[in-house]
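Coordinate inspection notes
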Amino acid sequence: MYFKGITKTDIETGLSNLSPDVISRIPQDQQAQVALQQLIQNEIFYQEAVKNKLETSETYQQFINRLEQQFEFQKKQALVDLYIKENVDDKIKLSDQEIVAAFDSNKSIFGAHQQRSVSHIVVKTEKEADSLYNRLRKGANFEKLAKNKSIDTSTAENGGKIQGSFRKESLNEEFSNAIFSLKKVGSISKPINSPAGFHVFKLDSIEDIKGKTLEEVKPMLENQLYVNKRTQEINSLIASLKDSYEISENEELKSAASPEDQQSATETKSSSSDTN
């Protein structure tokens, strides 16, 4: 079998296909040599595979079919991405006024606020909750009671500790009032009813968060505004184009189309042009 030889482009391609982990363990001046040796090894194995007619095997043919399908999808997606870039992305502009307005409308989020972290014990009945509350008021160990009594198994094993911290506005009214009325770390709330059961909360920490300036949050606001504008523009664009196409759906294939299906679940034809 004729082999044209290994080129510089082949070595560069081989290097780009080495994993970052492998690359990091090879001195830079040796990377090309390692890629070359890998290419030589692969070529030998390839020649042997061809000699053994493995390219005609069902496994190989199925793999090639999948690759071809993926390649066709990626080719199509590349054109879609280019069309959206030229007709949407390149036309989106953000003004300073829009960014300032977004900041002003979200001052409750960016302003100074307090966050609290808590633990809880959850039981089924109010009687159980009252009993636990009284025991805790008398000095019982909260973490032990949580592990032994709480029906919230996701927190019980950690002594009732709820992951994360909470702003007052992020909680429902009952929880918010109970947790943010506690005066100091270690304080215990009276039982609070919820669909999950009766909760007794313990205040674990209080953190006062400094407010953020416009400059600090400007990159985040720009990204959010850009994403929102892009979504709106794409929706408007597709709405303006849809009427030019006849779309028919195959109901049987919509929910369970497999890669082997030859019939498309949805066919789209332009009603304004012939696509022979």
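In this text the structure is predicted, and so the values were computed from the model without any measurement.

Broken down by element type, the chain carries 12 helices and six strands. For the chain, whose C-alpha radius of gyration is 31 Å, the value lies well above the compact-globule estimate of 19 Å for 276 residues. Here the C-alpha coordinates of the chain stretch approximately 90 × 50 × 50 Å along the principal axes. Partitioning the intrachain contacts of the chain with sequence separation of at least 6 by distance along the chain shows that 64% fall at a separation of at least 24. When the accessible surface of the chain is totalled, it reaches about 20,200 Å², and 51% of it is carbon and sulfur. Mean positive and mean negative side-chain charge positions of the chain (36 and 42 charges, respectively) differ by 12 Å.

Membership of the largest hydrophobic core is limited to 11 residues, which are Val 118, Ile 162, Leu 171, Phe 175, Ala 178, Ile 179, Phe 180, Leu 182, Ile 192, Phe 201 and Leu 203. Top contributing element to this core by residue count: helix H10 (residues 173-180), with four residues. Setting aside chain neighbours within four positions, we find Ile 162 in contact with Val 118, Ser 119, His 120, Thr 155 and Phe 201. Listed in part, the 10 residues of the second largest apolar core include Val 123, Ala 129, Leu 145 and Ala 146.

Its place among the elements puts Asp 204 in strand E4 (residues 197-209). Judged by relative accessible area, which is 18%, Asp 204 ranks as buried. In sequence terms Asp 204 and Val 185 are 19 residues apart; their C-alpha atoms lie 5.4 Å from each other. Excluding residues that lie within four positions of it along the chain, Asp 204 makes contacts with Ser 117, Val 118, Ser 119, Lys 161 and Val 185. Among the polar contacts made by the side chain of Asp 204, one reaches the side chain of Lys 161 at a distance of 3.2 Å.

Turning our eyes to something else, we now look at the sheet that holds E4. Ordered by their spatial adjacency, four strands build an open sheet running E2-E1-E4-E3, and the pairing between neighbours is antiparallel. One side of each edge strand has no neighbouring strand; the edge strands of this open sheet are strand E2 (166-167) and strand E3 (192-194). Strand direction decides the pairing type here: strand E1 (residues 113-123) and E2, joined by two bridges, are antiparallel. Bridging from a neighbouring strand, Arg 116 pairs with Phe 166 of E2. On top of the sheet, helix H8 (residues 142-149) reaches E1 and E4; it is set at about 50° to E1, its chief contact.

In this section: a nonpolar patch on the surface. Among the surface-exposed residues, Tyr 83, Ile 238, Leu 241, Tyr 245 and Ile 247 lie close enough to one another that they form a single nonpolar patch of about 430 Å² accessible area. Sorting the residues of the nonpolar patch by element identifies helix H11 (214-242) and strand E5 (245-249) as the ones contributing at least two each. Along the polypeptide, Ile 238 turns up in helix H11. Among the residues examined, Ile 238 registers a relative accessible area of 43% and is labelled partly exposed.

Bringing the pattern of salt bridges into the picture now. For the structure shown, the criterion picks out 11 salt bridges. For Lys 161, the salt bridge is made with Asp 204, and the minimal N-O distance between the two is 3.2 Å. Here Lys 161 is found in the loop between helix H9 (153-156) and E2, whereas its partner Asp 204 is found in strand E4, with 43 residues between them in sequence. A relative accessible area of 28% means that Lys 161 is categorised as partly exposed. A network of salt bridges, in which partner residues are shared, links Glu 143, Lys 161, Lys 202 and Asp 204.

Further remarks concern the side chain of Arg 167. Within the fold, Arg 167 resides in strand E2. Accessibility expressed as a relative area gives 17% for Arg 167, which makes it buried. Of note is the side chain of Arg 167, whose polar atom sits 2.3 Å from the backbone oxygen of Ser 108. Other than its neighbours up to four places away in sequence, Arg 167 contacts Ser 108, Ile 109, His 113, Gln 114, Gln 115 and Phe 180.

As a further point, take the packing of aromatic side chains. For any pair of aromatic rings, geometry is given as the distance between the ring centres together with the angle between the planes. The full count for this structure, using the stated rule, is two aromatic pairs. Consider the rings of Phe 103 and Phe 110, whose centres lie 5.7 Å apart with planes at 5°: the pair is stacked. The class for Phe 110 is buried, based on a relative accessible area of 7%. Above the ring of Phe 142, the side-chain terminus of Lys 202 is found at 5.5 Å from the ring centroid.

Taken N-terminus to C-terminus, the directions of helix H4 (residues 58-87) and H11 make an angle of 105°; their axes are 11 Å apart at the nearest point. Taken together, the axes of H4 and H11 lie roughly perpendicular to each other. In this structure, H4 contributes Tyr 83, Ile 84 and Asn 87 to the contact, and H11 contributes Arg 230, Ile 234, Leu 237 and Leu 241. Broken down by class, the residue content of the contact of H4 with H11 amounts to five nonpolar, one polar and one charged.

Thresholds, definitions, all that
Residues numbered from 1 in each chain as written. Predicted model: local features only at pLDDT ≥ 70, side-chain atom pairs only at ≥ 80, totals over all residues. Heavy atoms only, no water. Helix = DSSP H or I, 4+ residues; strand = E, 2+ residues; numbered from the N terminus. Rg over C-alpha atoms; globule rule 2.2 N^0.38 Å. Contact = heavy atoms within 4.5 Å. Areas by Shrake-Rupley, 256 points an atom, 1.4 Å probe, with all protein chains shown as cover. Lys, Arg positive; Asp, Glu negative; His and termini not counted. Charge placed at Lys NZ, Arg CZ, Asp CG, Glu CD. Core = buried A, V, L, I, M, F, W, Y, C linked by side-chain atoms within 4.5 Å. Buried < 20%, exposed > 50% of the residue type's maximum accessible area, 1.4 Å probe, protein only. Polar contact = N/O pair within 3.5 Å; in protein donor to acceptor, adjacent residues only side chain to side chain. Pairing = 2+ DSSP bridges. Axes fitted to C-alpha atoms, helices over the stretch in contact; angles between N-to-C directions. Patch = residues over 30% accessible without salt bridge, like charges linked within 9 Å, V, L, I, M, F, W, Y side chains within 5 Å. Salt bridge = Lys/Arg side-chain N within 4 Å of Asp/Glu carboxyl O. Phe/Tyr/Trp six-rings, centres within 6.5 Å; stacked < 30°, edge-to-face > 60°. Lys NZ or Arg CZ within 6 Å of the ring centre and 35° of its normal. Parallel < 35°, antiparallel > 145°, perpendicular 65-115°, else oblique. Nonpolar A, V, L, I, M, F, W, Y, C, P; charged D, E, K, R; others polar.

The analysis is restricted to geometry; functional conclusions fall outside its scope.
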